[in-house]
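Descriptive structure summary
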Amino acid sequence: MSDTTTRAVVGVSDRQQGEHPSGDNRFDLIDKHLKRGRYAQDQLIETLHVAQDVFGYLSEDILIYVARALRLPPSMVYGVATFYQLFTFDPPGDHACTVCTGTACFVKGADDIVKGVSNAYDVPAGETSEDGSLTLKTARCLGSCGLAPVVVFDGEVLGHQNTESTLELVAAAVGGVD
Amino acid sequence: MRETRSAVHVSFDGVEYEGYAGESVLQCARRNGVTVPSLCFLEGLSVWGGCRICVVEIAEDHRLRPACATQIAADMEVKVETPRLRAYRKAILELLFAEGNHVCAVCVSNGKCELQDMAVLCGMDHVRYDYQSPLREIDASHPKYVFDPNRCILCTRCVRVCDEIEGAHVWDIGFRGEEAHLVTEMNKPWGESLSCTWCGKCVAVCPTGSLAYEGRAIGEMEHDPAMIQRLAVARNRGEWLYPGEEQ
Amino acid sequence: MAAPIDLHEVMDREREERFRTRWRVKACASTACMSAGAGATIQAVEDMVEREDMELEVQVIPTGCMGLCSAGPLMRMMRRGGDETDYQKVTPDAAKEIVRSHVLNEEPVPEHLLDTTMPFFTSQERVVLANGGVINPDRIESYVAHGGYQALEKALTSMKPKQVIEEIRRSGLRGRGGAGYPVGSKWSLLAAAGGKTKYVVANGDEGDPGAYMDRTIMEDDPHRLIEGIAIAAYATGADQAYIYVRAEYPRAIERLDRAIRVARRNRLLGRKILDTNFSLAVEVRIGAGAFVCGEETALMASIEGRRGTPQLRPPYPTEKGLWGAPTMINNVETLANVAPIIDRGGDWFASIGTEKSTGTKVFALAGDIVNTGLIEVPMGTSLREIVEEIGGGVPDGRSFKAAQTGGPSGGCIPAKFLDTPVDYESLRELGSIMGSGGLIVMDDEVRMPDVAKFFMEFSMDESCGKCTPCRAGTVQMHNLLQRITDGNGTRRDLRDLEHLCSVVRDMSLCGLGQSAPNPVISTLQYFRSEYEALIDEEEVVHA
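From a predicted model like this one, the values you see are computed outputs, not experimental measurements.

Conventions adopted
Residues numbered from 1 in each chain as written. Chains lettered and ligands numbered in written order. Predicted model: local features only at pLDDT ≥ 70, side-chain atom pairs only at ≥ 80, totals over all residues. Helix = DSSP H or I, 4+ residues; strand = E, 2+ residues; numbered from the N terminus. Rg over C-alpha atoms; globule rule 2.2 N^0.38 Å. Contact = placed C-beta atoms within 7 Å. Buried ≥ 20, exposed ≤ 12 C-beta atoms within 10 Å, placed from the backbone. Axes fitted to C-alpha atoms, helices over the stretch in contact; angles between N-to-C directions. Parallel < 35°, antiparallel > 145°, perpendicular 65-115°, else oblique. Left-handed = near helix turned anticlockwise from the far one by under 90°. Pairing = 2+ DSSP bridges. Nonpolar A, V, L, I, M, F, W, Y, C, P; charged D, E, K, R; others polar. Domains from an automatic or database assignment. pLDDT = per-residue confidence, 0-100. Core = buried A, V, L, I, M, F, W, Y, C linked by C-beta atoms within 7 Å. Expected span 1.5 Å × (residues − 1). Arc of directions from axis to C-beta. Right-handed = clockwise from strand over helix to strand, strands pointing away.

A count of helices and strands for chain B gives 6 helices and 9 strands. The C-alpha radius of gyration of chain B comes to 19 Å, within 12% of the 18 Å expected for a compact globule of 247 residues. For chain B, the C-alpha atoms occupy an extent of roughly 50 × 50 × 30 Å along the three principal directions. Looking at chain B alone, contacts between residues at least 24 apart form 63% of all its contacts between residues at least 6 apart.

The next point concerns the overall build of chain A. Helix and strand content of chain A: 8 helices and 5 strands. Evaluated residue by residue, chain A yields a buried proportion of 41% over its 178 residues. Pairs at least 24 residues apart make up 56% of the contacts formed inside chain A by residues separated by at least 6 positions.

Now for the environment of Cys-467 of chain C. When you line up the elements, Cys-467 of chain C lands in the loop between helix H19 (448-462) and helix H20 (468-485). The buried category is assigned to Cys-467 of chain C, around which 29 C-beta atoms lie within 10 Å. When the C-alpha atoms of Cys-467 of chain C and Val-504 of chain C are compared, they prove to be 9.9 Å apart, with 37 residues separating the residues in sequence. Excluding its chain neighbours within four sequence positions, the residues that come into contact with Cys-467 of chain C are Gly-50 and Arg-52 of chain B together with Ser-508, Leu-509 and Gly-513 of chain C.

Before going further, it helps to spend a moment on the packing of helix H7 (residues 150-158) of chain C against helix H11 (residues 222-236) of chain C. All names here are of chain C. Where H7 meets H11, the closest approach of the two axes is 9 Å, and the angle between their N-to-C directions is 15°. With respect to H11, the element H7 is oriented roughly parallel. Crossing of H7 against H11: the hand is left-handed. Between H7, through Ala-151, Leu-152, Ala-155 and Leu-156, and H11, the contact on the second element is made entirely by Glu-227, Ala-230, Ile-231 and Tyr-234.

The omega angle of the peptide bond from Ala-148 of chain A to Pro-149 of chain A is -5°, so this bond is cis rather than trans. Within the secondary structure layout, Pro-149 of chain A lies in the loop between strand S3 (134-139) and strand S4 (151-153). We note that Trp-323 of chain C has phi near 45°; this positive angle belongs to a residue other than glycine. Checked against the element boundaries, Trp-323 of chain C lands in the loop between helix H13 (296-303) and strand S8 (327-331). Its identity as a non-glycine residue notwithstanding, Asp-396 of chain C has a phi of 60°, on the positive side.

Here we come to the sheet that holds strand S1 (residues 23-28) of chain C. Residues and elements named next belong to chain C. In spatial order, the strands read S2-S1-S3-S4; together these 4 strands make up an open sheet with mixed pairing. Two strands lie at the open edges of the sheet, namely strand S2 (58-63) and strand S4 (84-87), each paired on one side alone. Here the average twist between neighbouring strands, direction ignored, is 20°. Bridge count for S1 against strand S3 (residues 75-79) is 5 bridges, and the pairing is antiparallel. Paired with Ala-27 across the strands is Met-75, a residue of S3. Relative to S3, helix H4 (residues 92-105) is tilted by about 15°, and along the sheet it contacts S1, S2, S3 and S4.

Each partner contributes residues to the interface: chain C has 38 residues there, and chain A has 32 residues. Taken together, the elements giving at least two residues each to the side of chain C that touches chain A come down to helix H2 (31-35), H13, strand S9 (360-367) and strand S13 (438-443) of chain C. Looking at the side of chain C that touches chain A residue by residue, the class counts come to 17 nonpolar, 15 polar and 6 charged.

Bringing the interface of chain B and chain C into the picture now. In this complex, chain B contributes 25 residues to the contact, which on the side of chain C involves 22 residues. Within the residue set of the side of chain B that touches chain C, elements represented by two or more residues are strand S4 (64-66) and helix H2 (83-99) of chain B. Per-element tally for the side of chain B that touches chain C: the top contributor is H2 of chain B, with 7 residues. Here the side of chain B that touches chain C is built from residues that sort into 15 nonpolar, 4 polar and 6 charged.

Residues and elements named next belong to chain B. Domain boundaries in chain B define domain 1 (9-81) and domain 2 (85-225). Distance from the C-alpha centre of domain 1 to the C-alpha centre of domain 2: 25 Å. Between domain 1 and domain 2, the residue contacts involve 16 residues of the former and 21 residues of the latter. Tallied by class, residues from the side of domain 1 that touches domain 2 come to 11 nonpolar, 2 polar and 3 charged.

Glancing now at the confidence of the model for chain B. Scored by pLDDT, chain B comes out at a mean of 95, with 98% of its residues at no less than 70. Two summary scores accompany this predicted model of the complex, namely pTM at 0.93 and ipTM at 0.96.

Residue and element names in this part refer to chain C. Contact geometry for H19 and H20: axes closest at 9 Å, N-to-C directions at 155°. One way to sum up the angle between H19 and H20 is to call them roughly antiparallel. H20 is crossed by H19, and the crossing has left-handed handedness. Counting all contacts with H19, which are made through Pro-449, Asp-450, Ala-452, Lys-453, Met-456, Glu-457, Ser-459 and Met-460, the residues of H20 involved are Thr-474, Val-475, Met-477, His-478, Leu-481, Gln-482, Ile-484 and Thr-485. Each residue belonging to the contact of H19 with H20 can be placed in one class, and the counts come to 8 nonpolar, 5 polar and 3 charged.

Residue and element names in this part refer to chain C. Membership of the largest hydrophobic core comes to 294 residues, with the highest contact counts inside it found for Ile-229 and Ile-231. Ranked by the residues each element gives to this core, the list is headed by H11, at 9 residues. Apart from the residues within four sequence positions on either side, Ile-231 is in contact with Ala-151, Leu-152, Ala-155, Val-164, Val-338, Ala-339 and Ile-342.

Residue and element names in this part refer to chain A. With 12 residues, helix H7 (residues 110-121) should cover 16 Å at 1.5 Å per step; its first-to-last C-alpha distance of 17 Å lies within 8% of that length. Those residues of H7 lying buried are Ala-110, Ile-113, Val-114, Val-117 and Tyr-121. For H7, the angular spread of the buried residues around the axis is 100°, confining them to a single face. On its buried side, H7 packs onto strand S1 (95-100), helix H6 (103-107), S3, S4 and helix H8 (163-174).

All right, on to the confidence of the model for chain A then. Residues and elements named next belong to chain A. Per-chain confidence: chain A averages 86 in pLDDT, with 88% of residues scoring 70 or above. Considering each helix and strand of chain A separately, the mean pLDDT is smallest for helix H1 (residues 3-10), with a value of 39, and largest for helix H5 (residues 74-83), with 98. Scored below 50 in pLDDT, residues 1-16 shows 13 contacts in the model against residues more than four places distant or in partner chains.

Inspection of the secondary structure assignment puts Ala-139 of chain A in strand S3. If near-sequence neighbours (up to four positions away) are discounted, Ala-139 of chain A is found in contact with Thr-98, Cys-100 and Thr-101 of chain A together with Glu-248 of chain C.

In this section: the pairing of strand S7 (residues 281-286) of chain C. Residues in a regular strand point their side chains to alternate faces of the sheet. All names here are of chain C. Alignment of strand S6 (residues 240-245) against S7, held across 6 bridges, turns out to be parallel. Looking across to S7, one finds that Gln-240 is bridged to Ala-281. For the segment spanning S6, helix H12 (residues 250-265) and S7, crossover handedness is right-handed.

Once that is clear, we can look at the sheet that holds S9 of chain C. Residue and element names in this part refer to chain C. Ordered by their spatial adjacency, 5 strands build an open sheet running S10-S9-S13-S11-S12, and the pairing between neighbours is mixed. Edge positions in the open sheet fall to strand S10 (373-378) and strand S12 (411-414), since each of these has one partner strand only. The mean angle between the axes of side-by-side strands here comes to 30°, regardless of whether they run parallel or antiparallel. Of the pairings in the sheet, the one linking strand S11 (residues 400-405) to S12 comprises 4 bridges and is antiparallel in character. The partner of Ala-402 across the bridge, within S12, is Pro-414.

Residue and element names in this part refer to chain C. In this model, H4 (14 residues) spans 19 Å end to end at C-alpha, consistent with the 20 Å of a helix rising 1.5 Å per residue. Next to the buried residues of H4 lie S1, helix H3 (38-51), S2, S3 and S4. Residue Glu-106 follows H4 closely and has a positive phi angle near 55°.

Below is the structure:
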């Protein structure tokens, strides 16, 4: 691959400000991070974090973009991205309900909460409902065991939850189920 | 240039042999004609140590260690055939058979398969665990080769040979745990891969019928893993071995 | 280059600040209290102080974890040069009332009083968590005012690296991440390793569900960790350090990033630290959700931006670690013990705890127990004291059944062993491990085969997939446990399960796989009748 093609793809040095060659200026934020990390290949996971923060998820295009920028083989980037649980490859729902399933929460009945929400909104854990309104996730332990069971709804940490209270919470944001 | 190596005494199951400092227990056993079952190891590639079939017992500390990744030391007493190791190896083979879809009767590698050989060698005649019967789609998109993930045991020989010898890194492992499986590029059909050089080394090293030439019928697929050792020797030592001369 | 921080000048300045107002309100702003509403509570007090012109009377200081998370939000009223009064479950309204009542009438507010004479507080010995509820984690000055960075200054200006290692060795400190390897020996290994580049890594990938002491240290006392890292690097000859933090802890990442910047500005990190010849760069690296990355070799792979699959050992990280260079990995809590040891001496530390397990250990108490939260006790404290006295026992009139330590790598300890002293060896003898310090109490309603299945599911999901026994073995063990807990298991299933326990324990490549059967093994050992009952019932049904 010649140097000029790489630069055109990576697109940092010789382009006009304010417009990313891809046409999507969100890539600027990824570029900025890449540049700060001097395009070091060990920045892959950090870069994927940044990309996911910016785009909400990691599409194939984004993965290829990162792979080319860091000059890594695509299969390696795909392998790394899919290894880690926090990377997601589908657009997230409008609202996110994360149920902690750590040991303390398990002892206090977190499983029932997951089942309750999953059944009520017909969304398997780890996925987004068909209408895109709700993503149901489980977490490995949020380290707030004193508040078990813990639910995080749209970023807000809520302790001492049960199935009813969680369903109320979801219903208030997403709408109830018939 | 051949290096002069210092010899040490080692024993396998009580029989004394000569070992060389710097070689692995597995290499030493092979050189001396001692059979140590193994699967993911392949001479010429980096050591992976994942299949755990080659685990042996080192007498000094009773610890179980993979023969492929353990260096020979002077007066080392290696135990290969103990009741415990035999039972463990059998269990591991059963786990491999249960997690994929290994149906020898319809496999291109039937009769020429390292997994099958291991099962025979280790006396694994039935599987006591639940067959997982995963749904895995065959990738026949490549004009020259076929990838059948049902027969993959995740030994990563293909990943390593493509990266370390061919330098293309078409293959890698995606996901993790029981979901882990081989991917080419962005988990797209192999035939769409831009990086594949069609060199066929991944096919040559596959221990099972997972990677095969297009159009092979049952029992027709023969692999040539020793090719990699010839390549590695040529590259590292500037000596070209001929088929059959591999150690 | 700016001049380095003058620790003594900062201490003086902070002392003056401390005496500036008659009242200081310390409010726990740690994660648990924040989720219980501490944010609003603190805001309410700050607003009131401003509105009612009380600035000369009261200063509000947000602090790190005060410990008793189940009673949050927690707040402390401190009178200048005098007494302290602690409050629990402090709502915004209660907070305003408490502050007013103290400031205007010198009267406490009885309904929210927290009894600090109960064993939860009096039986603890705080070394690692000494600054919890005391300092403002966002201000380096606050850390310095409580003796922070004195140990680093002492090490750099009056001790040779060898002496630092000797002090750590004398302290008997052992790794707090799980296995309990002697820290002094590990440091010596790195110090002895050749090569120009060496790395120190702080392992903050606290993955054991139920453990959150490392998060608390990183969030609430980030400079203590940085100081420990700097001393470790000085002692071992490293000039680059990483703090590997799990991505699930965004607050810890933010606080550490900031603390590193501030430390660099004050010449406590970076080039020529405190005007000596010692230089050190520290960088935070973020995980992305993989329990196995707590394993040393997997952690290094992750720092290098690769899949977090463990590598074969030997070579050990101290010989060949990050990018092939000698690397030493210490757990966060381990490193948090370093500054106090250098400050007060290894002998002082060794005088706490037992002969083989010195110092203190932080535990996260959770589950079926009255007082949940973070506690720190001398090693060797009995489980009974932790559960019944400090923890206040099992609530709702139920009885204690088991204590789970060590998470998915540990085991369940039954009631008959409650008098066991908590130290590395005793726990291992009981088939559990110290682990990072999660301690989950289970009452008599919990079915132990369910617990075993819960942990097996965890290990199965977190297996990296590299080695056969862990990847495929945990799946089959989970199958068997599912069948047994569903009441469809047979005697043969139980036999197969026990055999797989040995296969996976003995044949797996890394610690995750090797310890994955522990929850099954220990519940089979102590609660076998529960498994048998599930099986027998089914056989009766068939008959």
